[in-house]
Amino acid sequence: NAGVTQTPKFQVLKTGQSMTLQCAQDMNHEYMSWYRQDPGMGLRLIHYSVGAGITDQGEVPNGYNVSRSTTEDFPLRLLSAAPSQTSVYFCASKGQGAIGGELFFGEGSRLTVL
Amino acid sequence: DAKTTQPTSMDCAEGRAANLPCNHSTISGNEYVYWYRQIHSQGPQYIIHGLKNNETNEMASLIITEDRKSSTLILPHATLRDTAVYYCIVKVGNFNKFYFGSGTKLNVKP
């Protein structure tokens, strides 16, 4: 039981390049989300999804796209990377049953945009 | 648009109780209070959550005031491994948005 798996763990991009951060969970969770964490800061919600085919924006969605074609996967796409997107990205999932319940986080993907 | 307010940092002596406060004055009646912690740069780890009543688990206790506008996370016997950033979170608006503030950096000292 792997939980939430993020790939890659580290990535360096040049300004204007595109890439996709992968997130997969094996807990059959309906809810998945992406956060970014800048140095010395808390986590900020980028996008989230409550099930396959359903996504919505969080606090800082600009510059990022998401899709949810399966329950297991929730990729985050950067179409044209900018230095301001240098950050650590965390994916999290949660069971949708009870109103309470905990978020399970991946280990993070560290992105540097030059 | 902060939904929770926490002190930036706190110190605690090893073996003593750590009491971490959080203000959430805009919390709605059906919103839960969650606590997470983040050690170094790892993914945040769930600690506890509650709605109205005080809660306790193997990691911590959560005390919520009667008006629900504030809460306190209690680590009963802090160890050096409890040094981390602790986040108090309430969901905002609908059920599906969990907003993290800046958290409290807890320093447990020998």
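Calculation rules
- Residues numbered from 1 in each chain as written.
- Chains lettered and ligands numbered in written order.
- Predicted model: local features only at pLDDT ≥ 70, side-chain atom pairs only at ≥ 80, totals over all residues.
- Heavy atoms only, no water.
- Helix = DSSP H or I, 4+ residues; strand = E, 2+ residues; numbered from the N terminus.
- Rg over C-alpha atoms; globule rule 2.2 N^0.38 Å.
- Buried < 20%, exposed > 50% of the residue type's maximum accessible area, 1.4 Å probe, protein only.
- Contact = heavy atoms within 4.5 Å.
- Areas by Shrake-Rupley, 256 points an atom, 1.4 Å probe, with all protein chains shown as cover.
- Lys, Arg positive; Asp, Glu negative; His and termini not counted.
- Charge placed at Lys NZ, Arg CZ, Asp CG, Glu CD.
- Pairing = 2+ DSSP bridges.
- Disulfide = S-S within 2.5 Å.
- Salt bridge = Lys/Arg side-chain N within 4 Å of Asp/Glu carboxyl O.

Colleague: Would you explain the overall build of chain B in this entry?
Modeller: What chain B contains, in helices and strands, is zero helices and ten strands. Listed N to C, the secondary structure of chain B is β-β-β-β-β-β-β-β-β-β in terms of helices and strands. Its C-alpha atoms give chain B a radius of gyration of 13 Å, within 12% of the compact-globule value 13 Å for 110 residues. Expressed along its principal axes, the backbone C-alpha trace of chain B runs to roughly 40 × 30 × 20 Å. Counting only residues that meet the buried cut, chain B has 47% of its 110 residues in that class. Put simply, of all contacts in chain B between residues at least 6 apart along the chain, 54% involve residues at least 24 apart. Just so you have it, chain B exposes about 5,500 Å², and 47% of that area is on carbon and sulfur atoms. Where the 11 positive side-chain charges of chain B centre and where its 9 negative ones centre are 4 Å apart.

Colleague: Before we go on, may I ask you to explain the pairing of strand S4 (residues 31-37) of chain A in this structure?
Modeller: Consecutive residues of a regular strand have side chains that alternate between opposite faces of the sheet. Residues and elements named next belong to chain A. Counting buried residues along S4, seven of its seven residues qualify, which places the element largely inside the surrounding structure. Neither face of S4 is left uncovered, since the one carrying Tyr 31, Ser 33, Tyr 35 and Gln 37 and the one carrying Met 32, Trp 34 and Arg 36 both have all their residues buried. Sheet topology places S4 next to strand S9 (residues 87-94); seven bridges connect them, and they run antiparallel. Residue pairing for S9: Tyr 35 is matched across the bridge by Phe 90. As defined by bridge partners, S4 adjoins strand S5 (residues 43-51) across six bridges and the pair is classed as antiparallel. Bridging from a neighbouring strand, Arg 36 pairs with Arg 44 of S5. Joining the antiparallel neighbours S4 and S5 is a turn of five residues, in which Gly 40 adopts a positive phi near 75 degrees.

Colleague: I would appreciate a short explanation of the state of the cysteines in the present structure.
Modeller: Disulfides are covalent bonds that connect the sulfur atoms of two cysteines. One pass over the structure, following the stated rule, counts two disulfides over all chains. Here Cys 23 of chain A pairs with Cys 91 of chain A through a disulfide, and the sulfurs are 1.9 Å apart. An S-S torsion of about -75 degrees defines the bridge between Cys 23 of chain A and Cys 91 of chain A as left-handed. Highlighted residues: Cys 23 of chain A in strand S3 (residues 19-25) and Cys 91 of chain A in strand S9, separated in sequence by 68 residues. The same class applies to Cys 23 of chain A and to Cys 91 of chain A, which are both buried. The partner cysteine of Cys 22 of chain B in its disulfide is Cys 88 of chain B, sulfur to sulfur 2.1 Å. Because the sign of the S-S torsion sets the handedness, a value of about -80 degrees for the bond joining Cys 22 of chain B and Cys 88 of chain B places this disulfide among the left-handed ones. Taken together, the positions of Cys 22 of chain B in strand S2 (residues 18-23) and Cys 88 of chain B in strand S8 (residues 84-91) put the pair 66 residues apart, joining distant regions of the chain.

Colleague: Please explain the pattern of salt bridges as it appears in this structure.
Modeller: Oppositely charged side chains can form a pair if their charged atoms are brought close together. Residues and elements named next belong to chain A. In this structure the tally under the stated criterion is four salt bridges over all chains. In this structure, Asp 38 and Arg 36 form a salt bridge, with 2.8 Å as the shortest nitrogen-oxygen distance. In this structure, the salt-bridge partner of Asp 38 is Arg 44, at a minimum N-O distance of 2.6 Å. Here Arg 44 falls in the partly exposed class, since its relative accessible area comes to 30%. Bridged by salt links that share partners, the residues Arg 36, Asp 38 and Arg 44 form one connected network.

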